[in-house]
Amino acid sequence: MVSDYKQLNEDYLMRIFSRDLMVVKGQGSKVWDENGKEYLDCVAGIAVCSTGHCHPLVVKAICEQAKNLIHISNLYYVPGQGELGKRLVEHTGLTGGRAFFANSGTEANEAAIKLARVRTGKSHFISFQEGFHGRSSGALALTHKVNYRQPFAPLQPECTFVPYGDEEAVKEAIRPDTAAIVLEGVQGEAGVIPSRKGFLTAIREICDDTGCWMIMDEIQTGIGRTGKWFSYEHENILPDVVSMAKGMGSGFPMGAIVAREGLEFLPGEHGGTFNGGPLACAACDATLTVVESVISDVERKGQRFKDAINAENIRQIGLMIGVPVPEGTCTDIQKECQKNGVLVNCASGSIRLVPPLIITDDEINFAAGVLNEALGSR
Ligand SMILES: *Cc1c(COP(=O)(O)O)cnc(C)c1O
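All of the points below concern the structure found in this document. Owing to the predicted nature of the structure, the values given are computational and were not obtained by experimental measurement.

### With respect to the layout of surface pockets
- As a volume, the second largest pocket reaches approximately 660 Å³.
- For the lining of the second largest pocket, the secondary structure elements donating two or more residues are helix H4 (81-92), strand E4 (98-102) and strand E12 (255-259).

What follows is the structure, given as structure tokens:
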């Protein structure tokens, strides 16, 4: 490892990120820094490494595919793409629906926005305060956070932001030109804020009454993170479009949307050179197999984790946990945990825990112990 990487970062990279740790190896729920120090990883690449780091099945799938074909473009059939489409459509419950692949969460939402615009012929959207949908111009237009949006205004499409959980406000915001309501089942970047019980059902009903689409952003919540394949399953409803990304490739960049039967792009309406490439499909296929084998235990593990943490008003759904901490203390707590061998991160002033879904009970105990110590020292 080059010893002057910090200087090289400083001299040659745009200085967007603030960071102090270089991780060079990962295995299961553990990672190691350049000095060989071990950490239990409750960030998991921001809810991405659901199968843990370098899961043998995922590594094997990527390596074997890399020996055969790394890239071919969508000018040709891509090995594994059709099979993966079938698996994803089946997991969404959108029988008769179809998948479109992307390379990130933002790109998945971008596809959802374009699909809604082109098929409804409408261009106004509704999304929620504190919600996060990505950083490209379109996805950013649906993202509430003023710091992210303001420097880039004006943004398209036009979007009305309403309080999360307030269906009356949604009804009032609907206009004749409203294409879709876009929402998370649990607001992740907001610090793990689950939707009020019955809220998704209420949105579904509003969409049924008005003809607006319901677009579920499952980029953080999807692929087993909340103990179900998608968070909307907690309310037994089906959206019109689902976007997904983070947990689907075990770290190999990939995103996708699945749209219900009858909603699809026409030839030429959307596309992408890298979308749904052979390596991404192989990584995702193996990831789904691993998640299928652990998903039934995710809620139990999440509850165990929550019960082991000494704090009030913890928000927990599956292995997505938000721990409220006194204002201004989050970064210090995060640093204290890191010092003691546990990686956590701060989302909107709360400690967010999104560990690999394969985390063990012993690892949960260790992480909770370190976190409790850091919380106690406040
Ligand atoms: C992370 C995230 C995105 C953006 O995904 P990227 O892969 O970072 O582009 C969009 N929506 C939600 C809910 C997310 O958590």
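### Some thoughts on the site of the ligand
- The ligand sits among Ser-104, Gly-105, Thr-106, Asn-109, Phe-132, His-133, Gly-134, Glu-184, Asp-217, Ile-219, Gln-220 and Lys-246.
- Take Gly-105: an N or O atom from its main chain is 2.9 Å from an oxygen atom of the ligand.
- For the ligand, a nitrogen atom lies 3.2 Å from a polar atom in the backbone of Phe-132.
- Starting from 380 Å² of accessible surface for the ligand in isolation, the protein chains cover 82%.
- A total of three residues in the shell around the ligand trace back to one element, the largest contributor, which is helix H5 (residues 105-120).

### So, the sheet that holds strand E1 (residues 23-27)
- One open sheet holds the four strands; their spatial order is E1-E2-E3-E15, and the pairing between them is mixed. The strands lining the two open edges of the sheet, one partner per strand, are E1 and strand E15 (342-343).
- Across three bridges, strand E2 (residues 30-33) lies against strand E3 (residues 38-41) in antiparallel orientation. Of the residues in E3, the one forming a bridge with Trp-32 is Glu-38.

### Let's talk about the state of the cysteines
- By the definition in use, this model includes one disulfide.
- A sulfur-sulfur distance of 2.5 Å marks the disulfide that ties Cys-330 to Cys-346. Given an S-S torsion of about -110 degrees, the disulfide between Cys-330 and Cys-346 has left-handed geometry. Pair noted here: Cys-330 is in helix H12 (residues 330-339) and Cys-346 is in strand E16 (residues 345-347), with a separation of 16 residues, a long-range link.
- The thiol of Cys-42 is unpaired, and the distance to the nearest cysteine sulfur, on Cys-337, comes to 8.6 Å.
- Judged by relative accessible area, which is 0%, Cys-42 ranks as buried.

### Overview of the nonpolar core
- Within the largest apolar cluster, 67 residues are counted, with the highest numbers of intra-cluster contacts made by Leu-88, Ile-181, Ile-203, Phe-305, Ile-309 and Leu-353.
- Here this core takes seven residues from helix H13 (residues 361-376), the largest share from any one element.
- Among all residues touching Phe-305, those that are not within four sequence positions of it are Cys-42, Leu-319, Ile-321, Leu-353, Pro-355, Ile-359, Ile-364, Ala-367 and Ala-368.
- Core analysis: the next-biggest nonpolar cluster, separate from the first, contains 22 residues, Ala-179, Ala-180, Val-241 and Ala-259 among them.

### Section: empty space enclosed by the protein
- Within this structure, the stated rule accounts for two cavities of 30 Å³ or more.
- Of the volumes computed, that of the largest cavity is approximately 70 Å³.
- Lining the largest cavity, in full, are Glu-130, Gly-131, Phe-132, Thr-143, Lys-145, Tyr-148, Glu-189, Ala-190 and Ser-348.
- Here the residues of the lining of the largest cavity are counted per class, giving three nonpolar, three polar and three charged.
- Taken as a whole, the second largest cavity encloses approximately 30 Å³ of empty space.
- Lining of the second largest cavity is provided by Ala-47, Ser-50, Gln-220, Gly-222, Ile-223, Arg-225, Gly-247 and Leu-357.
- Class assignment for the residues of the lining of the second largest cavity results in three nonpolar, four polar and one charged.

### Regarding the packing of H12 against H13
- Running from amino to carboxyl end, H12 crosses H13 at an angle of 135 degrees, the nearest separation of the two axes being 9 Å. Viewed along their axes, H12 and H13 adopt a mutual orientation that is oblique. The element H12 and its partner H13 pack so that their crossing is right-handed. Contacts between H12 and H13 involve Ile-333, Glu-336 and Cys-337 from the former and Val-370, Leu-371, Ala-374 and Leu-375 from the latter.
- Residue composition of the contact of H12 with H13, grouped by class: six nonpolar, no polar and one charged.

### Re the sheet that holds E16
- Strands sit in the order E13-E14-E17-E16 across an open sheet of four strands; the sheet is antiparallel. The outermost strands of the open sheet, each flanked by one partner alone, are strand E13 (315-317) and E16. The average angle at which neighbouring strand axes cross in this sheet is 30 degrees, direction not considered.
- Looking at chain direction, strand E14 (residues 320-324) and strand E17 (residues 350-353) are connected through four bridges and run antiparallel. Each residue of the ladder has a partner; that of Gly-322, found in E17, is Arg-352.

### Description of H12
- Turning to H12, its buried residues are Cys-330, Ile-333, Cys-337 and Gln-338. Down the axis of H12, the sector holding all buried residues measures 140 degrees, keeping them to one side.
- In this structure, the buried side of H12 is in contact with E3, E15, E16, E17 and H13.
- Positive backbone phi, approximately 90 degrees, marks Gly-341, located one or two places after H12.

Parameters and conventions
Residues numbered from 1 in each chain as written. Predicted model: local features only at pLDDT ≥ 70, side-chain atom pairs only at ≥ 80, totals over all residues. Heavy atoms only, no water. 1 Å grid on protein atoms, 1.4 Å probe; cavity = no way out; pocket = protein on both sides within 12 Å on 5 of 7 lines; lining within 4 Å. Points joined across faces, edges and corners; volume = space filled by probe spheres on them. Helix = DSSP H or I, 4+ residues; strand = E, 2+ residues; numbered from the N terminus. Near = heavy atom within 4 Å. Polar contact = N/O pair within 3.5 Å; in protein donor to acceptor, adjacent residues only side chain to side chain. Areas by Shrake-Rupley, 256 points an atom, 1.4 Å probe, with all protein chains shown as cover. Pairing = 2+ DSSP bridges. Disulfide = S-S within 2.5 Å. Buried < 20%, exposed > 50% of the residue type's maximum accessible area, 1.4 Å probe, protein only. Core = buried A, V, L, I, M, F, W, Y, C linked by side-chain atoms within 4.5 Å. Contact = heavy atoms within 4.5 Å. Nonpolar A, V, L, I, M, F, W, Y, C, P; charged D, E, K, R; others polar. Axes fitted to C-alpha atoms, helices over the stretch in contact; angles between N-to-C directions. Parallel < 35°, antiparallel > 145°, perpendicular 65-115°, else oblique. Left-handed = near helix turned anticlockwise from the far one by under 90°. Arc of directions from axis to C-beta.

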